[in-house]
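Examining the three-dimensional arrangement
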Amino acid sequence: GAGVSQSPSNKVTEKGKDVELRCDPISGHTALYWYRQSLGQGLEFLIYFQGNSAPDKSGLPSDRFSAERTGGSVSTLTIQRTQQEDSAVYLCASRIQGAAVEQYFGPGTRLTVT
Amino acid sequence: AQKVTQAQTEISVVEKEDVTLDCVYETRDTTYYLFWYKQPPSGELVFLIRRNSFDEQNEISGRYSWNFQKSTSSFNFTITASQVVDSAVYFCALSLNNAGNMLTFGGGTRLMVKP
């Protein structure tokens, strides 16, 4: 079946601009996660959505970062007023509810802030 | 807070050699999950295995095997008879048995298998 998809695959933006990254999870997966992979920080958790519950935003690095998940499916991660340190690969993952806790990752969006 | 350490940042082997990737974790929780993911040059993280903290049985899948030892807080990964296609970055990760199960990753080990 179809895996997690993300768009765009690459995004180059100027410092100070806003960007939106999209994630489409595996059908039927109720949990959705955003992670960031950068050279200096490795792989870091950003935010977690589960069903209709309030998201866990504990990993967001600043208030310039926000995310939403509409209809329990597609999610959008928004970065406002981008900075050069936001340059990274943004990874989305999803998992099915229940005992199977492994997460399945999308191909990522490579963000470059110039 | 939990932590995962992969002390080997880079390993280089010749094809057909066996190689072991080390993973050490820290957590105060008694129920947790451990994972290995593979990230080939294409970039996508591929799930390999999950172990539950209450199940210390080792596991073998083809050329891959995993050794989970709670006494040393380690979850090591061995590739037998390595192949060039095994070249990738391998990540060990931990999640707790809470509502989120978000992953805490190690720094990764880059494995290069030369022909």
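Parameters at a glance
Residues numbered from 1 in each chain as written. Chains lettered and ligands numbered in written order. Predicted model: local features only at pLDDT ≥ 70, side-chain atom pairs only at ≥ 80, totals over all residues. Heavy atoms only, no water. Buried < 20%, exposed > 50% of the residue type's maximum accessible area, 1.4 Å probe, protein only. Helix = DSSP H or I, 4+ residues; strand = E, 2+ residues; numbered from the N terminus. Pairing = 2+ DSSP bridges. Contact = heavy atoms within 4.5 Å. Disulfide = S-S within 2.5 Å. Phe/Tyr/Trp six-rings, centres within 6.5 Å; stacked < 30°, edge-to-face > 60°. Axes fitted to C-alpha atoms, helices over the stretch in contact; angles between N-to-C directions. Salt bridge = Lys/Arg side-chain N within 4 Å of Asp/Glu carboxyl O.

1. Observations concerning the pairing of strand S9 (residues 74-79) of chain B
All names here are of chain B. Of all the six residues making up S9, five are buried; the element is thus mostly covered by neighbouring parts of the structure. Pairing analysis gives three bridges linking strand S3 (residues 19-21) to S9, with the strands arranged antiparallel. Residue pairing for S9: valine 19 is matched across the bridge by isoleucine 79. Bridge count between strand S8 (residues 64-69) and S9: six bridges; the pairing is antiparallel. In the strand pairing of S9, tryptophan 66 is matched with phenylalanine 77. Between the antiparallel neighbours S8 and S9 lie four residues, among them serine 73 with a positive phi of about 50 degrees.

2. Quick word on the side chain of glutamine 39 of chain B
Here glutamine 39 of chain B shows up in strand S5 (residues 32-39). A residue is classified by how much of its surface remains accessible, and glutamine 39 of chain B, at 11% relative accessible area, is buried. With residues near it in sequence (within four places) discarded, glutamine 39 of chain B still touches Gln37 of chain A together with Glu44, Leu45, Ala88, Val89 and Phe91 of chain B.

3. So, the pairing of S5 of chain B
Residue and element names in this part refer to chain B. For S5, the buried fraction is high: eight of the eight residues fall into the buried class. The side-chain alternation of S5 yields two buried faces, one formed by Tyr32, Leu34, Trp36 and Lys38 and the other by Tyr33, Phe35, Tyr37 and Gln39. The pairing of S5 with strand S10 (residues 88-96) spans eight bridges and is antiparallel. Bridge pairing links tyrosine 32 to leucine 96 in S10.

4. Concerning the state of the cysteines
The full count for this structure, using the stated rule, is two disulfides over all chains. Bridging cysteine 23 of chain A to cysteine 92 of chain A, the disulfide has an S-S length of 1.8 Å. Here cysteine 23 of chain A and cysteine 92 of chain A share a disulfide; its torsion about the S-S bond, -65 degrees, makes the bridge left-handed. Remark: cysteine 92 of chain A occurs in strand S8 (residues 88-95) and cysteine 23 of chain A occurs in strand S3 (residues 19-24); sequence separation between them is 69 residues. Pair check on accessibility: cysteine 23 of chain A and cysteine 92 of chain A agree, each one buried. With a sulfur-sulfur separation of 1.9 Å, cysteine 23 of chain B is cross-linked through a disulfide to cysteine 92 of chain B. Around the S-S axis, the bridge from cysteine 23 of chain B to cysteine 92 of chain B shows a dihedral of about -65 degrees and counts as left-handed.

5. Remarks on the packing of aromatic side chains
All told, the structure shown has 20 aromatic pairs over all chains when counted by the stated rule. Taking 5.8 Å as the distance between ring centres and 65 degrees as the angle between the ring planes, the aromatic pair formed by tyrosine 104 of chain A and phenylalanine 47 of chain B counts as edge-to-face. Of this pair, tyrosine 104 of chain A sits in strand S9 (residues 104-105) while phenylalanine 47 of chain B is found in strand S6 (residues 46-52), placing the two residues in two different chains. Look at phenylalanine 47 of chain B and you get partly exposed, because its relative accessible area is 21%. Between tyrosine 25 of chain B and phenylalanine 68 of chain B the ring centres are 6.3 Å apart and the planes differ by 50 degrees, which places this aromatic pair in the tilted class.

6. Here we look at the sheet that holds strand S1 (residues 5-7) of chain A
Residues and elements named next belong to chain A. Spatially, S1-S3-S7-S6 is the arrangement adopted by the four strands of the open sheet, whose pairing is antiparallel. At either end of the open sheet lies a strand with only one pairing partner, and these are S1 and strand S6 (65-69). Going from strand to strand, the sheet's axes swing by 15 degrees on average, the running direction of each strand aside. Where S3 meets strand S7 (residues 75-79), five bridges bridge the pair, whose relative direction is antiparallel. Within the sheet, the bridge partner assigned to valine 19 lies in S7 and is isoleucine 79.

7. Examining the pattern of salt bridges
The full count for this structure, using the stated rule, is seven salt bridges over all chains. In this structure, the salt-bridge partner of glutamate 102 of chain A is arginine 50 of chain B, at a minimum N-O distance of 2.8 Å. Here glutamate 102 of chain A, found in the loop between S8 and S9, pairs with arginine 50 of chain B, found in strand S6, and the two come from separate chains. A residue is classified by how much of its surface remains accessible, and glutamate 102 of chain A, at 12% relative accessible area, is buried. A salt bridge links arginine 51 of chain B to aspartate 55 of chain B, with the shortest nitrogen-to-oxygen separation between them at 3.3 Å. Salt bridges sharing common partners tie together Arg51, Asp55 and Glu59 of chain B.

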